[in-house]
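# Examination of the molecular architecture
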Amino acid sequence: MMVSYRLYWTLWILSCFGQYLCQDLQIPEPPNKEEGDSVVFTLDNPPPSTSIFITQWFFGTAPIITVVSGVPTENPAYKDRVIFNTSTLALELQNLTHSDSGIYRLSITTTDGGTLTGQTSLQVEKLSVNLTGPEEPLIEGESSANITSKGNGNIISVQWMKNNSPLSPSNSIIFSPDFRSVSISPVQRSDSGEYQCKYTNPVNSETATYSLIINYGPEDVSIKGLGEVNSGDPVSLSCSANSVPSASFRWMFNGTDTGVTRDTYTIEKTDFTHSGYYDCTAWNNITNRSATQRHALLVKAGGGGGGLSTGAIVGIVIGVLVAVAAICGLIVYLIKTKKMPKLTFPQNGRSSGAAQRRQEPDLNYADISHFQKGSGERVILGNRSEPSTEYAEVKRSGTKSTAPPPPYGSQASNPPLRRDLHLLLSPQEDGGHV
């Protein structure tokens, strides 16, 4: 009977206080929080405050706060972040960070030396941000770009930067109302760079980056290299252009494709066949644009060339012969058209001397009423019935006449049918009879 009484008394004690002495404390798990938020850990079945001697909250194994007989003691690591309710034993933790995620445990020591425990967990989402932008290539002056930010956490402010400098709105740069995205239209090469978006809350900040590439060109194509070399010398021509992405190149010589697609065109040993125009064409496979620059190269004799080639000598000879033939043809033409007087030379190689060549030929007058041909036939000049005398001015070579010309009046008193014959007689024509 005594045993049954004691058993009954024990069961009654357990029914009244067992929930504190034998059961763990019930602490509901709070919803996920974001960095910068606050959380309150509460108990579903708090024990009477009169039975509590020591109350301790732990994060993992590290104490957060210890309360002995109503006097709290905070861990310095949580200073100004915790609020403890002595009546409900609830704990509020402020300015959460991602590192606050984990297990929280409550331990109570009762006045009779008993221990009550309970635990819960907390998940704090880390502040995060990421950027997305256009996937297709951007071409200067043609494309538009939109960069959008997305993230988690308690976001207090958003800041945009480009190459670590603040990004300001302009006619071509427009921010969305919530400042979560930026639009650039149309893009220019100066818009290329690294864009940053920074999310900030009271306890943390996160930054995401996005590289924007603007394709342009090619332009400002230039060729570096010598324009004149000696035959036998090497030549290297280098082509460059402003282009994003880097341009590809093609070389042409005097309008013919050389097959060279590098930025450098090299000739190990030059000769005269390498003289001409070299065209470098730069091409951008993203913009589908191209630009060409021309370079003139002259290969001349000298240096290590070893003199003129056979072809060059033949060309020079042909050129000289053509020039001589042209001069001779011009002289013949001028003589035939009487634009140049016929040249006479003395017979048997006799020369009258430089002084005589400068003297004017003497004028001789003869009465020419008839003359005899070489065959003996006589040629009658004028009408013989008219008693007139015909005079001719005869330029004779080698002889000088002293007969004076007839008086001018005798010619005018009887007007005859006259012919003034100007005979240019060479020594070979002296066989005629005058």
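Residues numbered from 1 in each chain as written. Predicted model: local features only at pLDDT ≥ 70, side-chain atom pairs only at ≥ 80, totals over all residues. Heavy atoms only, no water.

### Brief notes about the overall build of the protein
- If you tally the helices and strands in the protein, you get 4 helices and 32 strands.
- Across the 434 residues that make up the protein, the buried fraction comes to 28%.
- The long-range share in the protein, meaning contacts at least 24 apart out of those at least 6 apart in sequence, stands at 61%.
- Element-wise, carbon and sulfur atoms account for 54% of the exposed surface of the protein, whose accessible area totals about 27,300 Å². (Helix = DSSP H or I, 4+ residues; strand = E, 2+ residues; numbered from the N terminus. Buried < 20%, exposed > 50% of the residue type's maximum accessible area, 1.4 Å probe, protein only. Contact = heavy atoms within 4.5 Å. Areas by Shrake-Rupley, 256 points an atom, 1.4 Å probe, with all protein chains shown as cover.)

### A closer look at unusual backbone geometry
- Here the residue pair Ser 185 and Pro 186 is connected by a cis peptide bond, since its omega of -15 degrees sits within 30 degrees of zero.
- Position of Pro 186 among the secondary structure elements: in the loop between strand S17 (181–184) and strand S18 (193–200).
- With an omega of 10 degrees, the peptide bond between Gly 217 and Pro 218 qualifies as cis.
- Residue position: Pro 218 is located in strand S20 (residues 214–224).
- Positioned with a positive phi, Asn 95 is a non-glycine residue whose angle comes to about 50 degrees.

### Description of the pattern of salt bridges
- The full count for this structure, using the stated rule, is 6 salt bridges.
- Across the pair Arg 189 and Glu 140 runs a salt bridge, and its minimum N-O distance is 3.0 Å. Here the residue Arg 189 occupies a position in the loop between S17 and S18, and Glu 140 occupies one in the loop between strand S12 (138–139) and strand S13 (145–152), the gap between them amounting to 49 residues.
- The partly exposed category is assigned to Arg 189, whose relative accessible area is 31%.
- The exposure class of Glu 140 is buried, given its relative accessible area of 16%.
- Ionic pairing is found between Glu 219 and Arg 189, a salt bridge with its closest N-O pair at 2.8 Å. In this pair, Glu 219 is assigned in strand S20 and Arg 189 in the loop between S17 and S18, connecting sequence segments 30 residues apart.
- The structure contains a network of salt bridges with shared partners spanning Glu 140, Arg 189 and Glu 219. (Salt bridge = Lys/Arg side-chain N within 4 Å of Asp/Glu carboxyl O.)

### Some details on the sheet that holds S12
- Spatially, the 4 strands line up as an open sheet ordered S12-S20-S22-S25, and their pairing is mixed. Looking along the sheet, the strands with just one partner apiece sit at the ends: S12 and strand S25 (264–267).
- Across 4 bridges, strand S22 (residues 235–244) lies against S25 in antiparallel orientation. The partner of Leu 237 across the bridge, within S25, is Tyr 265. (Pairing = 2+ DSSP bridges.)

### A short note on the nonpolar core
- Ranked by size, the top nonpolar core spans 24 residues in total, and within it Trp 57 and Ile 64 carry the most contacts.
- Those elements that provide at least two residues to this core are strand S2 (39–41), strand S3 (52–59), strand S4 (62–68), strand S6 (82–84), strand S7 (91–93), strand S8 (102–110) and strand S9 (115–122).
- Sequence-distant contacts of Trp 57, that is, excluding residues within four places in its chain, are made with Ile 27, Phe 41, Leu 43, Ala 62, Pro 63, Ile 64, Ile 65, Phe 84, Leu 89, Leu 91, Arg 105 and Leu 106.
- Phe 175, Val 182, Ile 184 and Ala 208 belong to the second-largest nonpolar core, a separate cluster that totals 22 residues. (Core = buried A, V, L, I, M, F, W, Y, C linked by side-chain atoms within 4.5 Å.)

### Things to note about the pairing of S13
- Where strand S11 (residues 128–132) meets S13, 5 bridges bridge the pair, whose relative direction is antiparallel. Each bridged residue has a counterpart across the sheet, and for Ser 128 the counterpart in S13 is Asn 152.
- Of the pairings in the sheet, the one linking S13 to S17 comprises 4 bridges and is antiparallel in character. Along S17, the bridge assignment pairs Ile 147 with Val 182.

### Topic: a nonpolar patch on the surface
- There is a patch of nonpolar side chains on the surface, built from Ile 316, Val 320 and Val 324 and spanning about 250 Å² of accessible area.
- Note that Val 320 resides in helix H2 (residues 310–336). (Patch = residues over 30% accessible without salt bridge, like charges linked within 9 Å, V, L, I, M, F, W, Y side chains within 5 Å.)

### Some thoughts on the state of the cysteines
- This structure, assessed with the given rule, holds 1 disulfide.
- Paired through a disulfide, Cys 239 and Cys 280 show a sulfur-sulfur distance of 2.0 Å. Given an S-S torsion of about -95 degrees, the disulfide between Cys 239 and Cys 280 has left-handed geometry. Of the two residues, Cys 239 sits in strand S22 while Cys 280 sits in strand S26 (residues 276–284), which places them 41 residues apart along the sequence. (Disulfide = S-S within 2.5 Å.)

### A few points about the pairing of strand S19 (residues 205–212)
- With 8 bridges connecting them, S18 and S19 associate as antiparallel partners. Its bridge partner lying in S19, Glu 194 is registered against Ser 211.
- Here S18 folds back onto S19 in antiparallel fashion, the turn holding 4 residues.

### Examining the packing of aromatic side chains
- Counted by the stated rule, this structure contains 8 aromatic pairs.
- Measuring from centroid to centroid gives 4.7 Å for Phe 59 and Tyr 104, while their planes differ by 40 degrees, and the two rings are tilted. Here Phe 59 is found in strand S3, whereas its partner Tyr 104 is found in strand S8, with 45 residues between them in sequence.
- Geometrically, the ring pair formed by Trp 160 and Phe 175 is tilted, given 6.5 Å between the ring centres and 45 degrees between the ring planes. Highlighted residues: Trp 160 in strand S14 (residues 157–162) and Phe 175 in strand S16 (residues 173–175), separated in sequence by 15 residues. Both residues of the pair, Trp 160 and Phe 175, count as buried.
- By way of ring pairs, the aromatic residues Phe 41, Trp 57, Phe 59 and Tyr 104 are connected into one cluster. (Phe/Tyr/Trp six-rings, centres within 6.5 Å; stacked < 30°, edge-to-face > 60°.)

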